[in-house]
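A look at the structure
Each chain, written out:
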Amino acid sequence: MRRLRRTLSATATLAVACTMLTGCFEEPSPHDAVRDFLVGWQTEDYDLAAGRTDGDQATVRKALSDAKLELDAASFRFKIKSLSMNGDESSAAFHAEVDLGENNPLWQYDGVLPLHLVDGTWKVRWSPSVLHPELKEGQRFAVDIDPKPRQPVVDRTGDALQTDTVVYSAGVYPAKLGDQAEDVVARLSEITGYAQDRLLSRIRSSPPDKFVPLVTFGGSLYQKMKPKLDAISGIETQPQDQPVNPDAPRQIVGTVSALTPEYEQKLGGPQRAGDSVGKSGLQQAYQSYLTGSTQTRVITLDLKTGKEVTQLQEWPGRQNVSVKTTIDRGIQAAAEQAVADTDTSALVAVDRNTGEIRAVATKGGMHQEKDALAGKYPAGTAFSIVAADALVKARVSPKQRLDCPQERTVGGAKFVAAGQSTAGTSSATFQENFAKGCVTALASLARRVTADELGKSATAFGVGQPWRLPLKSFSGSFPKLSSDADKAKAIAGQNVEVSPLGMALVAAAVSSGTWRPPVLVTDPKSPDPGVETVPIVQPPPVPVDPRVLAALRPMMRAGAFGTPAQAGKGRVHGVTATAGDQMTWFVGWQGDVAIAVLSKNYNASAVAGGFFAALANPS
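Residues numbered from 1 in each chain as written. Predicted model: local features only at pLDDT ≥ 70, side-chain atom pairs only at ≥ 80, totals over all residues. Heavy atoms only, no water.

1. Points about the overall build of the chain
The helix and strand tally for the chain stands at 22 helices and 28 strands. By the burial criterion, 52% of the 619 residues in the chain qualify as buried. Pairs at least 24 residues apart make up 68% of the contacts formed inside the chain by residues separated by at least 6 positions. As displayed, the chain offers around 26,700 Å² of accessible surface, 50% of which is attributable to carbon and sulfur atoms. (Helix = DSSP H or I, 4+ residues; strand = E, 2+ residues; numbered from the N terminus. Buried < 20%, exposed > 50% of the residue type's maximum accessible area, 1.4 Å probe, protein only. Contact = heavy atoms within 4.5 Å. Areas by Shrake-Rupley, 256 points an atom, 1.4 Å probe, with all protein chains shown as cover.)

2. Points about the packing of helix α15 (residues 384-393) against helix α21 (residues 546-560)
At a minimum axis distance of 9 Å, the contact between α15 and α21 shows a crossing angle of 135°. Taken as axis vectors, α15 and α21 run oblique relative to one another. Pair α15 / α21 crosses with right-handed handedness. From α15, Ile385, Ala388, Asp389, Val392 and Lys393 reach across to α21, where they touch Arg547, Val548, Ala551, Leu552, Met555 and Met556. Among the residues forming the contact of α15 with α21, the class breakdown is eight nonpolar, no polar and three charged. (Axes fitted to C-alpha atoms, helices over the stretch in contact; angles between N-to-C directions. Parallel < 35°, antiparallel > 145°, perpendicular 65-115°, else oblique. Left-handed = near helix turned anticlockwise from the far one by under 90°. Nonpolar A, V, L, I, M, F, W, Y, C, P; charged D, E, K, R; others polar.)

3. Considering unusual backbone geometry
With an omega of 0°, the peptide bond between alanine 248 and proline 249 qualifies as cis. Tracing the chain through its elements places proline 249 in the loop between β9 (236-246) and α9 (250-253). The linkage connecting aspartate 523 with the following residue, proline 524, adopts the cis geometry, with an omega of 0°. Mapped onto the fold, proline 524 is located in the loop between β24 (521-523) and β25 (542-543). Its identity is not glycine, yet aspartate 581 carries a phi of approximately 55°, on the positive side. Inspection of the secondary structure assignment puts aspartate 581 in the loop between β26 (573-580) and β27 (583-590).

4. A look at the confidence of the model for the chain
The predicted model of the chain averages 89 in pLDDT, with 89% of residues at 70 or higher. Between residues 15-27, whose pLDDT stays under 50, and residues either more than four places distant or in other chains, the model counts nine contacts. Contacts of residues 261-274 to residues separated by more than four positions or lying in other chains number 37 contacts, the stretch itself having pLDDT below 50. (pLDDT = per-residue confidence, 0-100.)

5. Here's the deal with the sheet that holds strand β16 (residues 357-363)
Read across the sheet, five strands follow the order β16-β15-β28-β27-β26 without closing on themselves; strand pairing throughout is antiparallel. Looking at strand neighbours, the two that pair on one side only are β16 and β26, the edges of this open sheet. The mean angle between the axes of side-by-side strands here comes to 10°, regardless of whether they run parallel or antiparallel. Relative to β27, β26 is paired through seven bridges, and the arrangement is antiparallel. Across the sheet, glycine 574 pairs through a bridge with glycine 588, a residue of β27. Contacts between helix α13 (residues 329-339) and the sheet are confined to β15 (344-351), β16 and β28 (593-600), with β16 contributing the most and set at about 20° to the helix. (Pairing = 2+ DSSP bridges.)

6. Remarks on the pattern of salt bridges
Taken as a whole and judged by the stated rule, the model has 30 salt bridges. Close ionic contact of arginine 35 with aspartate 36 constitutes a salt bridge, the shortest N to O distance being 3.1 Å. Judged by relative accessible area, arginine 35 falls into the partly exposed class, the value being 27%. Residue aspartate 36 is classed as buried on the basis of its relative accessible area of 14%. (Salt bridge = Lys/Arg side-chain N within 4 Å of Asp/Glu carboxyl O.)

7. Remarks on the packing of aromatic side chains
One pass over the structure, following the stated rule, counts twelve aromatic pairs. Ring-pair connections join several aromatic residues into one group, and the members of that group are Phe37, Trp41, Phe76, Phe78 and Phe94. (Phe/Tyr/Trp six-rings, centres within 6.5 Å; stacked < 30°, edge-to-face > 60°.)

8. Section: the pairing of strand β19 (residues 407-410)
Where β19 lies against strand β20 (residues 413-416), four bridges are found, and the strand directions are antiparallel. From the neighbouring strand, arginine 408 faces β20, where its bridge partner is phenylalanine 415.

9. A few points about the state of the cysteines
Taken as a whole and assessed by the stated rule, the structure comprises one disulfide. The disulfide bridge from cysteine 404 ends at cysteine 438, spanning 1.9 Å between sulfur atoms. Its S-S torsion of about 105° marks the bond between cysteine 404 and cysteine 438 as right-handed, since a negative value means left-handed. Remark: cysteine 438 occurs in the loop between α16 (430-436) and α17 (439-443) and cysteine 404 occurs in strand β18 (residues 401-404); sequence separation between them is 34 residues. Residue classification places cysteine 404 among the buried residues on the basis of a relative accessible area of 2%. We classify cysteine 438 as buried; its relative accessible area is 4%. (Disulfide = S-S within 2.5 Å.)

10. Here's the deal with the packing of α15 against helix α18 (residues 451-460)
Remark: α15 packs on α18, axes separated minimally by 8 Å, with the N-to-C direction vectors making an angle of 125°. With respect to α18, the element α15 is oriented oblique. Viewed along their axes, α15 and α18 form a crossing whose handedness is right-handed. In this structure, α15 contributes Val386, Ala387, Asp389 and Ala390 to the contact, and α18 contributes Glu453, Leu454, Ser457 and Ala458. Classifying every residue of the contact of α15 with α18 gives five nonpolar, one polar and two charged.

11. Description of the sheet that holds strand β7 (residues 162-172)
Across the sheet, which stays open at both edges, the three strands sit in the order β8-β7-β9 with antiparallel pairing between neighbours. Of all strands in the sheet, those bounded by a partner on one side alone are β8 (212-217) and β9. The average undirected angle you get between the axes of adjacent strands in this sheet is 40°. In this sheet, β9 lies alongside β7 in antiparallel orientation, the contact comprising ten bridges. Along β9, the bridge assignment pairs aspartate 164 with proline 243. The strands touched by helix α8 (residues 219-230) are β7, β8 and β9; relative to β8, the strand with the most contacts, the crossing angle is about 125°.

12. Notes on the nonpolar core
The biggest cluster of nonpolar side chains holds 90 residues, and the ones touching the most others in it are Phe430 and Trp585. It is helix α20 (residues 500-512) that provides the largest number of residues to this core, a total of nine residues. Discounting residues that sit within four places of it in the chain, phenylalanine 430 has contacts with Ala388, Leu391, Val396, Ser397, Pro398, Gln400, Leu402, Leu442, Leu445 and Met555. In this structure, Ala33, Ala96, Trp126 and Val143 belong to the second largest nonpolar core, which totals 38 residues. (Core = buried A, V, L, I, M, F, W, Y, C linked by side-chain atoms within 4.5 Å.)

13. Section: the environment of threonine 291
One can find threonine 291 in helix α12 (residues 287-291). C-alpha separation for the pair threonine 291 and proline 152, spaced 139 residues apart in sequence, amounts to 9.6 Å.

Take a look at the structure:
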């Protein structure tokens, strides 16, 4: 469809140019011959074009048809620049644009049509130089490409986050095929599904002594296809090492597939057979960077020797580069080990001082991108970290005593403290109720703070902020609060949605004293080099009030003390919280690593403890 639109547009352009020129000459004029020749060439009406030359009609038709095949051209487009006459001689200057397909730039050049009168009729004086000024007798066009191997996604130290996998490229050496090219591509098309005309064009447009990859297979598919490929005379297979087998975090790194007929049609270019296509994760997001664009040259070849004669045009292509992430292999390994014994968990670890994502690990039905980075989960009492910011600013002291009954109603909203005895009501400080996540005690503070103050604290800790990652992510959502009941629910995290990534950033903010947006990739700066876009401006860092830090850090130390999170050496800060549906949170930090853990039917603080222990004692 893309090629058809270009052809129709080009025909209309040439027709307009010819209409403008028609009024400039009286008959007999060479204009009609120029027009018919270029329109015929452009629209593949080679009989019309050949009829306007003085050459052998069959020779001219074949030369025009071969030019399209030799260039693997999607379309030709012409514009008449000038037309001069000198008696029975004439010269027409024209500008050509050749769409080489595969998303290569247009090849543009200027040519000249020499004309003379033959029995009173203007004819183009035929020679190969009519097609291009530098094309001579005994020569042909060709397109020489030099694809680059795929670059890896790497960790923060530059080590690849995937291992090499052998893929197999089935192709041909055109010089060895002789007159069997059409039969070879017909049989290859039948067993692979690739379009026969595209395969043939690639062969015809390539230098004869250069291997032309036509179809690429992964290892298992190649083993199935090998007997059929071996049965096609002229097809050769070359193994290639490609960095496509992802290491942890696998779903963040993403998967890669060999180019298929379906993907070739979907992507358009610059992919050719032999290329790999990112199907998920960073491999998909940074496809254009990892593969670059193919170096392409238009050349002329000697028909007898097959050797290059002249380079007519060169496009160096865009150098492909690796994608550098913030992932730390040691921290990632600790995260993988920590979630291994759970049924359903997600753990995100970030550097407290930069917001850089150091590890993403999941188990069970949770997905590293869709759940750990972009999942939308109830915050539960883990959100009391953010609420505490507003409460402390509103002069609520960590030492204030609060009741923790089994049930409490605030503004008509009912709250039930999980695990609280029905026998009586316990009294403890705000810090102690925060540490154990007593929802009824926390909800009772709703009247001590305004809706606006809670909203400002949520924003300051990144909830709902427009930060972006190259993969899907969720910064959280905070509702409009219009009553004491709404405020109580917000303090208890019952009407607030967050992601594990968002909560890891909350922990990092308390630990470092500044909230920062997340970072996953440090280079390149944007996923698509081919699209000119305004760079995304991340939200600026937000310092946490020193008074809040002085209160909140001891509160979070109390939240981790005596829990499984503190199983190893070193001081751990954090809170354990419930989020409904048998889900529990742990949000906290040790040293420079801040984490959020979300687990189902498992104690999230135990996962955190396992993580910190593995980090301190790597296997």
